[in-house]
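The primary structure of each chain is shown beneath.
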Amino acid sequence: MALDTYRIRVEPFYQATGNEVALFEHAWRHRMPLLLKGPTGCGKTRFVEHMAWKLDRPLVTLACNEDMTASDLVGRYLLDAEGTTWHDGPLTLAVRHGGICYLDEVVEARQDTTVVIHPLTDARRMLPLDKKGEVVHAHPDFQLIVSCNPGYQSRSKDMKASTRQRFAALEFDYPPCEIEAGIVAHETGIALDVATKLVRIAHQSRALKGRGLDEGMSTRMLIYAGLLLSSGLGARESCDMALTHALTDDPDMTRTLRDFVEAQFGREAGA
């Protein structure tokens, strides 16, 4: 009951690109902590949502950031009408009641914060609540999943070896062209040939990673562009909004990306 609001009621669409579903299921049988590695917007979060639905487990998701404290994860005492009362944090809720806890972009959190997960990722499977003087032993159905983008993070934000080695890992990348186009078409309702044009633009932009761009266009960005196209906005405006201007402020790179768009959409995307 405590995690009912975290249950995913409708199947999230996910198109597998390999054997990642089977690999996850093997890890789930052992409640093994998992690290998902891959570029921004390639489908890591959707994959976790799909697997939580498939396994019929509540999913507690936290977007990590540098301001996150250990108390944000495990809980804190708060004042209410009856005085001071302990409130479990989202991680503690998942540990106590048997949910899947997903820490998105875990390297963005301070290392003194993420160290609280260490006792959960070895044979102990427990969470000490120091401020409350309690040790919560993980529910048999609890699983911890974290994600990161190794190609983007700075060395100062790399995951400590003492943390990293506590996880099994799955590596993700952008889907092959045909699969990615099918995903974009499914999520937006645009024609497959139009989705394929967007994917071709994305592939060209990804080749510029490290040569003017920190990251290429993600599948998520293509879905945004497809949604704008599906509502009747022109190709140039849709791609400017969802792809080009969202990716760079550099005038030369903007012109290059617009050239990619025009090469796919022709006069429709011209100035």
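Residues numbered from 1 in each chain as written. Predicted model: local features only at pLDDT ≥ 70, side-chain atom pairs only at ≥ 80, totals over all residues. Heavy atoms only, no water.

Q: An account of the overall build of the protein is requested, with residue identities and associated values reported.
A: Looking only at helices and strands, one finds eleven helices and nine strands in the protein. On the principal axes, the C-alpha backbone points of the protein span a range of 65 × 40 × 35 Å. For the protein, buried positions account for 48% of its 271 residues. When contacts within the protein are restricted to residue pairs at least 6 apart in sequence, those whose partners lie at least 24 apart make up 71%. Accessible surface computed for the protein: about 13500 Å², of which carbon and sulfur atoms make up 50%. Here the protein holds 31 positive side-chain charges and 37 negative ones, and the gap between their average locations is 4 Å. (Helix = DSSP H or I, 4+ residues; strand = E, 2+ residues; numbered from the N terminus. Buried < 20%, exposed > 50% of the residue type's maximum accessible area, 1.4 Å probe, protein only. Contact = heavy atoms within 4.5 Å. Areas by Shrake-Rupley, 256 points an atom, 1.4 Å probe, with all protein chains shown as cover. Lys, Arg positive; Asp, Glu negative; His and termini not counted. Charge placed at Lys NZ, Arg CZ, Asp CG, Glu CD.)

Q: Describe the packing of helix α10 (residues 235–247) against helix α11 (residues 251–265), listing the residues and the values that go with them.
A: Where α10 meets α11, the axes come as close as 10 Å, and the angle between the chain directions of the two elements is 145°. When you trace α10 past α11, the crossing you get is right-handed. Here Ala-235, Arg-236, Cys-239, Asp-240, Thr-244, His-245 and Leu-247 of α10 come into contact with α11, specifically with Thr-254, Leu-257, Arg-258, Val-261 and Phe-265. (Axes fitted to C-alpha atoms, helices over the stretch in contact; angles between N-to-C directions. Left-handed = near helix turned anticlockwise from the far one by under 90°.)

Q: Give me the lowdown on the environment of Ser-147, citing residues and values where you can.
A: Mapping Ser-147 onto the fold places it in strand β8 (residues 143–148). When its relative accessible area of 0% is taken as the criterion, Ser-147 is described as buried. With 90 residues separating them in the primary sequence, Ser-147 and Glu-237 have C-alpha atoms 33 Å apart. Contacts of Ser-147, omitting those with residues within four sequence positions, involve Leu-35, Leu-36, Lys-44, Tyr-102, Leu-103, Asp-104, Glu-105 and Val-106. Looking at Ser-147, its side chain comes within polar contact range of the main-chain nitrogen of Glu-105, at 3.0 Å. (Polar contact = N/O pair within 3.5 Å; in protein donor to acceptor, adjacent residues only side chain to side chain.)

Q: Residue-level account of the pairing of strand β3 (residues 75–80), with values.
A: Look at any regular strand and the pattern is simple: side chains alternate between the two faces of the sheet. Across six bridges, the pairing between β3 and strand β4 (residues 83–88) is antiparallel. Bridge pairing in β4 places Leu-79 opposite Thr-84. (Pairing = 2+ DSSP bridges.)

Q: An account of the packing of aromatic side chains is requested, with residue identities and associated values reported.
A: Within a pair of aromatic rings, the relevant descriptors are the distance that separates the centres and the angle that separates the planes. All chains considered together, the criterion is met by four aromatic pairs. Here Arg-31 stacks its cationic end above the ring of Trp-28, 3.8 Å away from the centre of that ring. For the cation-ring pair, Arg-206 lies above Tyr-174, with the distance from its terminal atom to the ring centre recorded as 3.7 Å. (Phe/Tyr/Trp six-rings, centres within 6.5 Å; stacked < 30°, edge-to-face > 60°. Lys NZ or Arg CZ within 6 Å of the ring centre and 35° of its normal.)

Q: Would you mind going over the packing of helix α9 (residues 219–230) against α10 in detail, with residue names and values included?
A: Viewed as axis vectors pointing N to C, α9 and α10 meet at an angle of 155°, and their least axial separation amounts to 8 Å. Here α9 lies roughly antiparallel to α10, going by the angle between them. As α9 packs across α10, the resulting crossing turns out to be right-handed. Of the residues in α10, those touching α9 at Met-221, Leu-222, Tyr-224, Ala-225, Leu-228 and Leu-229 are Ala-235, Ser-238, Met-241, Ala-242, Leu-243, Ala-246 and Leu-247. Its residues assigned to classes, the contact of α9 with α10 comprises twelve nonpolar, one polar and no charged. (Parallel < 35°, antiparallel > 145°, perpendicular 65-115°, else oblique. Nonpolar A, V, L, I, M, F, W, Y, C, P; charged D, E, K, R; others polar.)

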